[in-house]
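Results of the structural survey
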Amino acid sequence: MLRLFHHFISIVRNPQTIALMPFENNVAWITGASSGIGEALAYALSNRGAKLILSSRREEALKEVKEKCAGDPAHIQVLPLDLAATDTLEKKAQQALDRYGDIDYLFNNGGISQRSLAVDTNFEVLRKVMEVNFFGSVALTKALLPSMIERQSGHIVVTSSVMGKFGTRLRSSYAASKHALHGYFDSLRQEVHEHNIRVTLVCPGFVKTDVTRNMLEGDGSRHNKMGKGQQDGLSPDAFAEKLLPKISRGKNEIYIGGKEIVGVYLKRWAPGLLNKLLLKSDVT
Ligand SMILES: NC(=O)c1ccc[n+]([C@@H]2O[C@H](COP(=O)([O-])OP(=O)(O)OC[C@H]3O[C@@H](n4cnc5c(N)ncnc54)[C@H](OP(=O)(O)O)[C@@H]3O)[C@@H](O)[C@H]2O)c1
């Protein structure tokens, strides 16, 4: 009831937010928009008439994505940033707010993976993965929250992973960073419910992107090989098309992928069995 009331107030204050289609005329800020899932989200959202802010480190790649987006280029802003440079993100958020006034959706999607035994992983690699995946997403979210609370509206979407629900060999830093997102954003969801702000954690299984090519080895070098799971995984475009209807239904947690998603349910209902299966599985 309270939620409906807040929604009504938000519409009275911002009548332009009554969109004919989900995402139409909404402002969506996507991190990790230069490739993979974030790039596919940019195309899927621009096809639905959203106004976009595209962020990641590589400005040229973001400009190429912008050129391929549908709609008026004036409604697509490129805003380069480094999620690991958390002390710069408040200023970036202010630039985004100055440009559009309000941000309807923040897609905290940018991230980096890791492939190495815990014993062989430099502490700097663990810190880097935590900085990008966890602290970067939290810093951007915190910078936008006051404006969302003021407006009594907003939706924060976080790309976690099935590795946010259970861990495997060779992914200790990555799984830790994704589990941390769940703890933080589950708590935040409870706090911002009364302000009509939604929080959605997205757990992809295998999606055919460069995530494994880009992942860090224990010494910080780039892995540079496509993982078998990703090779056979969903295309990023198919992933984005499955994701957006679930986002617009305001789900708290979303799982999209192949049979690897079963692991999420086994972890909940039969954790011992999952542990045995993972010990026999071929993690690359
Ligand atoms: N593909 C999968 O199978 C899979 C499964 C589960 C979860 N995920 C998650 O999905 C998200 C997107 O990954 P993806 O699969 O699309 O892989 P990807 O193609 O490697 O994309 C990663 C994106 O994150 C950006 N990024 C990396 N480090 C950054 C930094 N320090 N600052 C700002 N942006 C940074 C990259 O852009 P720049 O290089 O331009 O900075 C790129 O746009 C990640 O959070 C990943 O953990 C992927």
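Check the entry above for the structure.
Scope of this entry: the structure provided in the associated data block. (Residues numbered from 1 in each chain as written. Predicted model: local features only at pLDDT ≥ 70, side-chain atom pairs only at ≥ 80, totals over all residues. Heavy atoms only, no water.)

**Brief notes about the sheet that holds strand E6 (residues 197-204)**
As summarised here, the arrangement of the seven strands in space is E3-E2-E1-E4-E5-E6-E7, forming an open sheet in which the pairing is parallel. The sheet is open, and its two borders are formed by strand E3 (76-78) and strand E7 (253-256), each paired with just one other strand. Each adjacent strand pair in this sheet contributes to an overall mean axis angle of 15°, direction not counted. Pairing of strand E1 (residues 27-31) with strand E4 (residues 105-108) involves three bridges; the strand directions are parallel. The residue bridging Trp 29 from the neighbouring strand is Leu 106, located in E4. (Pairing = 2+ DSSP bridges. Helix = DSSP H or I, 4+ residues; strand = E, 2+ residues; numbered from the N terminus. Axes fitted to C-alpha atoms, helices over the stretch in contact; angles between N-to-C directions.)

**So, helix H4 (residues 89-100)**
If you check H4, its first and last C-alpha atoms are 17 Å apart, about what 12 residues at 1.5 Å a residue would give, namely 16 Å. Of all the positions in H4, only Leu 89, Lys 92, Ala 93, Ala 96, Leu 97 and Tyr 100 are classed as buried. Take H4 and look down its axis: the buried residues cluster within an arc of 140°, on one side only. Projecting away from the buried face of H4 at angles above 90 degrees are the exposed residues Glu 90, Lys 91 and Asp 98. On its buried face, H4 sits against E1, strand E2 (51-55), E3 and helix H5 (123-151). At the C-terminal side of H4, Gly 101 shows a positive phi close to 85°. (Expected span 1.5 Å × (residues − 1). Buried < 20%, exposed > 50% of the residue type's maximum accessible area, 1.4 Å probe, protein only. Arc of directions from axis to C-beta. Contact = heavy atoms within 4.5 Å.)

**Examining the packing of aromatic side chains**
Taken as a whole and judged by the stated rule, the model has six aromatic pairs. With 6.0 Å between their ring centres and 25° between their planes, Tyr 105 and Phe 107 make a pair best called stacked. Comparing Tyr 105 with Phe 107 shows no difference in burial state: the two are buried. Note on Tyr 255 and Tyr 265: the rings are 5.7 Å apart at their centroids and 85° apart in plane angle, and the pair reads as edge-to-face. Residue Tyr 255 is found in strand E7, and its partner Tyr 265 is found in helix H10 (residues 262-269); the two are separated by 10 residues along the sequence. Ring-pair connections join several aromatic residues into one group, and the members of that group are Phe 134, Phe 135, Tyr 184 and Phe 185. In this structure, Arg 99 is placed above the aromatic ring of Tyr 100, and the distance from its NZ or CZ to the ring centre is 4.7 Å. (Phe/Tyr/Trp six-rings, centres within 6.5 Å; stacked < 30°, edge-to-face > 60°. Lys NZ or Arg CZ within 6 Å of the ring centre and 35° of its normal.)

**Points about the environment of Thr 121**
As for its position among the elements, Thr 121 is in the loop between E4 and H5. Residues Thr 121 and Gly 220 lie 99 residues apart in sequence; the distance between their C-alpha atoms is 8.3 Å.

**Some details on the site of the ligand**
Among the 30 residues in the neighbourhood of the ligand, the closest are listed as Ser 34, Ile 37, Arg 57, Tyr 174 and Thr 209. Within the side chain of Ser 35, an N or O atom sits 2.8 Å from an oxygen atom of the ligand. In isolation the ligand exposes 880 Å². Once the protein is present, 97% of that is buried. Elements with a contribution of two residues or more to the shell around the ligand: helix H2 (36-47), helix H6 (172-192) and helix H7 (211-214). Looking at the shell around the ligand, its residues break down into 10 nonpolar, 15 polar and five charged. (Near = heavy atom within 4 Å. Polar contact = N/O pair within 3.5 Å; in protein donor to acceptor, adjacent residues only side chain to side chain. Areas by Shrake-Rupley, 256 points an atom, 1.4 Å probe, with all protein chains shown as cover. Nonpolar A, V, L, I, M, F, W, Y, C, P; charged D, E, K, R; others polar.)

**Considerations on the packing of H2 against helix H9 (residues 236-248)**
Put simply, H2 and H9 touch, their axes get as near as 8 Å, and they point 60° apart. As judged from the angle between their axes, H2 and H9 are oblique. When the axes of H2 and H9 are compared, the crossing they make is right-handed. In this structure, H2 uses Gly 36, Ile 37, Ala 40, Leu 41, Tyr 43, Ala 44 and Leu 45 to contact H9, whose residues at the interface are Pro 236, Asp 237, Phe 239, Ala 240, Glu 241, Leu 243 and Leu 244. For the contact of H2 with H9, the per-class residue count stands at 11 nonpolar, one polar and two charged. (Parallel < 35°, antiparallel > 145°, perpendicular 65-115°, else oblique. Left-handed = near helix turned anticlockwise from the far one by under 90°.)

Everything listed here is a matter of coordinates, which is why it stays silent on function.
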